[in-house]
Every structure is written in C-alpha cells, then in structure tokens.
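# Summary of the model geometry
Okay, here's what each chain looks like letter by letter:
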Amino acid sequence: MPQHSTTDDLPLLAERLRLGLPLHGFDGREIPLRTPLGDNLCATEAAHALLLSAASLLSADYADAFVFEALARAGRVEAAAHMAGESPNVVAAKVTAVLVSAAVRASVIARGPDVSPSAINRATLSWYELSHLRRRELLGSGWVAQDERRTA
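What you see is a predicted model, and the numbers here were worked out from it, not measured in a lab.

Looking now at the packing of helix α2 (residues 43-55) against helix α4 (residues 88-111). Across the interface, α2 lies against α4 with an axial gap of 8 Å and an inter-helix angle of 10 degrees. Here α2 is positioned roughly parallel relative to α4, judged by the angle of their axes. Seen from α2, the contacting residues are Ala-43, Thr-44, Ala-47, His-48, Leu-50, Leu-51, Ala-54 and Ala-55; seen from α4, they are Ala-92, Val-95, Thr-96, Leu-99, Val-100, Ala-102, Ala-103, Ala-106 and Ser-107. When its residues are assigned to classes, the contact of α2 with α4 shows 13 nonpolar, four polar and no charged.

Set out below in structure tokens:
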C-alpha cells in the first residue's frame, strides 16, 4: 500500500472539512481519507459512510427506510445536476451535501424529542459552521482563505 505523508493529506482533509465531512461518524466509526488500497476515498463515499453512521443511531425499522430515501434523494439531485450540465465537481458537491444533511437530520431524530424543521436546520447550519472552524483551525486562516478563493 502506498504511504502518504500528513502534508499529502492536508488538501484532501481541507476539502473534506469544506464539504462538512469529519474523520469520524456520529457513532464514532472512522471515516478514512483513503481506501485500504491507498486511493482517495471520494467525498460521496465519505458522505455515505457518515449517513450510515448517523442512521445506526435510529431504530432498526426506521434506519433502512431513512437511508433508502436519502440515497434516492441524492440520486435525484445527481440526475438533475447532470441534466443541467453541471461539472463533475459540482455534481459531487451537491450529492455530498444531500447525504451530509441527511446524516445530520438522522442524528437530530435519534436525539429526539425536538425534530422540528427549525431544529434540523439549526443542527445542519451548526454542523457546517463547526466543519469550517475545524478546517480553519487545522490549516490556518491564510491557507483557508487562499483555498476558498481557489474553490469558489
């Protein structure tokens, strides 16, 4: 398996955090940067892992239906983005956002009792704000600002 240094992983980690993807799921499971063969784990695969980790906190009878619906919605968003002629990076970002938002929603539902739309929206906004703060802390504000201009 190829060896990667920590500095090799910084851009990948920065992109993950920009998309709201942590290194550990809601249930504590690892969401790795790379596959066992050393290839980058794409953002949509990482988002799927995050969704599964959050769904594991739900009741078994509800979790499967929840994941199925989230994946179906992600598929619809992906199809619409392709039909609109979006670039592959934009398509991946949109699909990732759907899956991350569904994961946050599952975590809010699992925590109960306030599962109102406003509670879910607050949790989703907080999730992305926390990811942005982690990214800024990890990389430093100068690097983050430069990277945000590059990815905008």
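Turning our attention to the pattern of salt bridges. Applying the stated criterion across every chain yields a total of four salt bridges. With a shortest N-O distance of 2.8 Å, Asp-27 and Arg-29 are connected by a salt bridge. Look at Arg-29 and you get partly exposed, because its relative accessible area is 35%. Among the salt bridges present, the one from Glu-86 reaches Lys-94, with a minimum N-O distance of 3.2 Å. A relative accessible area of 29% means that Glu-86 is categorised as partly exposed.

For helix α5 (residues 117-139), which comprises 23 residues, the first-to-last C-alpha distance of 33 Å matches the rise-based estimate of 33 Å (1.5 Å per residue) to within 8%. All of the buried residues in α5 are Ala-119, Ile-120, Ala-123, Thr-124, Trp-127, Ser-131, Arg-135 and Leu-139. Directly beyond the C-terminal end of α5, a positive phi value near 90 degrees is found at Gly-140.

A few words on the nonpolar core. Counting residues in hydrophobic clusters, the biggest one holds 32 residues, and the most contacted among them are Leu-21, Leu-50, Leu-51, Leu-58, Phe-66, Leu-99 and Val-100. Those elements that place two or more of their residues in this core are α2, α3 (60-83), α4 and α5. Among the elements that line this core, the one with the most residues is α4, at ten residues. Other than its neighbours up to four places away in sequence, Leu-50 contacts Gly-20, Leu-21, Pro-22, His-24, Gly-25, Phe-26, Ile-31, Val-100, Ala-103 and Trp-127.

Between α4 and α5, the least distance of the axes is 9 Å, while the angle of their chain directions is 125 degrees. When the axes of α4 and α5 are compared, the pair comes out oblique. Judged by the sense of rotation from one axis to the other, the crossing of α4 with α5 is right-handed. Between α4 and α5, the contacting residues are Ala-97, Val-100, Ser-101, Val-104, Arg-105, Val-108 and Arg-111 on the first element and Ile-120, Ala-123, Thr-124, Trp-127 and Tyr-128 on the second.

If you check α4, its first and last C-alpha atoms are 35 Å apart, about what 24 residues at 1.5 Å a residue would give, namely 34 Å. Where α4 is concerned, the buried positions are Val-91, Val-95, Thr-96, Val-98, Leu-99, Val-100, Ala-102, Ala-103, Val-104, Ala-106, Ser-107 and Val-108. Those residues of α4 hidden inside the fold are in contact with α2, α3 and α5. Where α4 ends, the next residue or the one after it, Gly-112, has phi of about 50 degrees, a positive value.

About the criteria used
Sequence order as written defines residue numbering, which begins from 1 separately in each chain. Reporting of local features is limited, given that this is a predicted model, to residues whose pLDDT is at least 70; pairs of side-chain atoms are given and counted only at 80 or more, and all residues count toward the totals for whole chains, interfaces and linings. With hydrogens and water stripped out, all remaining heavy atoms of the structure feed into the side-chain values. To obtain an axis, a line is fitted to C-alpha atoms, over the contacting stretch when the element is a helix, and the angle between two such axes runs from 0 to 180 degrees between their N-to-C directions. What counts as a helix is a DSSP run of H or I of at least four residues, what counts as a strand is a run of E of at least two, and both are numbered from the N terminus. Throughout, the term roughly parallel applies to angles under 35 degrees, roughly antiparallel to angles over 145, roughly perpendicular to angles from 65 to 115, and oblique to all others. Note on contacts: a residue pair is in contact if any heavy atoms of the two residues lie within 4.5 Å. Residue polarity is assigned by list, with Asp, Glu, Lys and Arg as charged and Ala, Val, Leu, Ile, Met, Phe, Trp, Tyr, Cys and Pro as nonpolar; anything else, Gly included, falls into the polar class. The term salt bridge refers to a side-chain nitrogen of Lys or Arg lying within 4 Å of a carboxyl oxygen of Asp or Glu. Relative accessibility thresholds used throughout: buried, under 20% of the residue-type maximum; exposed, over 50%; partly exposed, between the two (1.4 Å probe, protein chains only). The length a helix should cover is 1.5 Å for every residue beyond the first. By nonpolar core we mean a set of buried residues, namely Ala, Val, Leu, Ile, Met, Phe, Trp, Tyr and Cys, connected to one another through side-chain atoms within 4.5 Å. It is the rotation of the near helix from the far one that decides the hand of a crossing: anticlockwise by less than a right angle makes it left-handed, clockwise makes it right-handed.

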